[in-house]
Amino acid sequence: MLTRLLNWLQLAALLLANGVFARAQQPFYTDDAHVADLHHWHLESNNEFDFLPGGSFPNLRQDAQTIKFSVGAFRQCEVGMDFPLIIIFNHPGYGLGTPIGLGDVDFSIKYRLHEEKEGSRVPAFTVSLNLEPPTGNPKKQLGSGLMDYYLNWIVEKTLTKKLTLRLNGGATFAGNTLTGAVGIKTRGTILTGGASLVRQFTPKLDLGVEVTSGFTSNLQLGRGQLTEQVGGNYELKKNLTLDFGFVSGQAVGSPRWGYQLGFSKDF
């Protein structure tokens, strides 16, 4: 696992060392420090298709279509919600067949504590709180059956005019990190972390790499997660981007590999 992580960091250096930055969140799991402007809306729609690891058997593949809305409710503060439509493709002999339906809905509030100033060494700081009630059907593996509480800290630093580093660190204090068949199943406190580097290659194209992880105090089967992604955004027109990514993962909590395709729109 350490060797794979080092290989991804080397790939990041090759992609980004030579490279004005545009906002980029989706398709990356690592959140950015930006919040929606006051009384303005942000919309994201994303489809992720995953091939699951052997440890997830009889779950073989999963498709999740997620739609997220957020609005600048106050200055430096946005509120939002997202909901996934999940399809789980199981082994033909499995009794559940191919479950399809709504997963667990997520409600969020995000507050920017400090905005990065040009020429300053101090990065931007943002904190977010997510509440995820058990709206998905746990008997069909579409929901966790638990109320999830997740707190995340976000640090963002512009390294050059075209290169931005983002770091996340958080914890699920109750519940788990499941989205359908993907995630950590263990109840209780789960620590999460992520890092992404994103570079603007052209006025319309941003590309980046990231590593995200999750773990409990006891790294047993089903209790660890490590995912890498290469992805980016292409500006179709002002305030509208096409978002894409290729995902590779380790441990039973991550997809073996998958891809993402979606769009982001500011109003």
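Residues numbered from 1 in each chain as written. Predicted model: local features only at pLDDT ≥ 70, side-chain atom pairs only at ≥ 80, totals over all residues. Heavy atoms only, no water.

A.B. asks: When you look at the pattern of salt bridges in this model, what are you seeing that I'm missing?
C.D. replies: Working definition: two side chains of opposite charge can pair if their charged atoms are close together. Scanning the entire structure with this criterion turns up 5 salt bridges. The partner of Lys157 in a salt bridge is Glu116, and the shortest N-O contact between them spans 3.1 Å. With a gap of 41 residues between them, Lys157 in strand 7 (residues 148-160) and Glu116 in the loop between strand 5 (106-114) and strand 6 (124-132) connect regions that are remote in the sequence. A single network of salt bridges, built from pairs that share partners, joins Asp31, Asp32 and Lys110. (Salt bridge = Lys/Arg side-chain N within 4 Å of Asp/Glu carboxyl O. Helix = DSSP H or I, 4+ residues; strand = E, 2+ residues; numbered from the N terminus.)

A.B. asks: What am I meant to see in unusual backbone geometry here?
C.D. replies: Glycine aside, the phi torsion of most residues is negative, and most peptide linkages are trans. Note that the residue after Gln26, namely Pro27, is joined by a cis bond; omega there is 10°. Along the chain, the position of Pro27 falls in the loop between helix 1 (2-16) and strand 1 (41-51). Here Gln76, not a glycine, exhibits a phi torsion of approximately 65°, which is positive. Residue placement: Gln76 occurs in the loop between strand 2 (59-74) and strand 3 (77-90). The partly exposed category is assigned to Gln76, whose relative accessible area is 31%. Phi is positive for Asn239, close to 70°, though the residue is something other than glycine. Note on placement: Asn239 falls in the loop between strand 11 (224-237) and strand 12 (240-250). Among the residues examined, Asn239 registers a relative accessible area of 37% and is labelled partly exposed. (Buried < 20%, exposed > 50% of the residue type's maximum accessible area, 1.4 Å probe, protein only.)

A.B. asks: How do you make sense of the side chain of Glu44 when you look at a structure like this?
C.D. replies: As for its placement among the helices and strands, Glu44 is situated in strand 1. Once you skip the residues sitting within four places of it in the chain, Glu44 turns out to touch Gln25, Gln26, Thr66, Ile67, Lys68, Phe263 and Ser264. (Contact = heavy atoms within 4.5 Å.)

A.B. asks: Would you take a moment to explain the environment of Thr186 for this structure?
C.D. replies: Within the element layout of this structure, Thr186 appears in the loop between strand 8 (163-174) and strand 9 (190-200). Taking the relative accessible area as the measure of exposure, Thr186 reaches 16% and is therefore buried. With 30 residues separating them in the primary sequence, Thr186 and Thr216 have C-alpha atoms 8.0 Å apart.

A.B. asks: When you look at the pairing of strand 2 in this model, what are you seeing that I'm missing?
C.D. replies: Walk down a regular strand and you will see the side chains alternate between the two sheet faces. Inspection of the sheet shows strand 1 paired to strand 2 by 11 bridges, in the antiparallel sense. Directly across from His42, in strand 2, lies its bridge partner Ser70. In this sheet, strand 3 lies alongside strand 2 in antiparallel orientation, the contact comprising 14 bridges. Paired with Thr66 across the two strands is Pro84, which belongs to strand 3. Adjacent in sequence and paired antiparallel, strand 2 and strand 3 are bridged by 2 residues, among which Gln76 carries a positive phi angle near 65°. (Pairing = 2+ DSSP bridges.)

A.B. asks: Honestly, the nonpolar core in this entry has me stumped. Any pointers?
C.D. replies: Soluble globular proteins tend to bury their nonpolar side chains together. Leu52, Ala64, Ile86, Ile88, Leu142, Ala181 and Val182 form the largest nonpolar core, which has 7 residues in total. Residue contacts for Leu52: discarding those within four places in its chain leaves Asn59, Leu60, Arg61, Gln62, Ala181, Val182 and Arg256. (Core = buried A, V, L, I, M, F, W, Y, C linked by side-chain atoms within 4.5 Å.)

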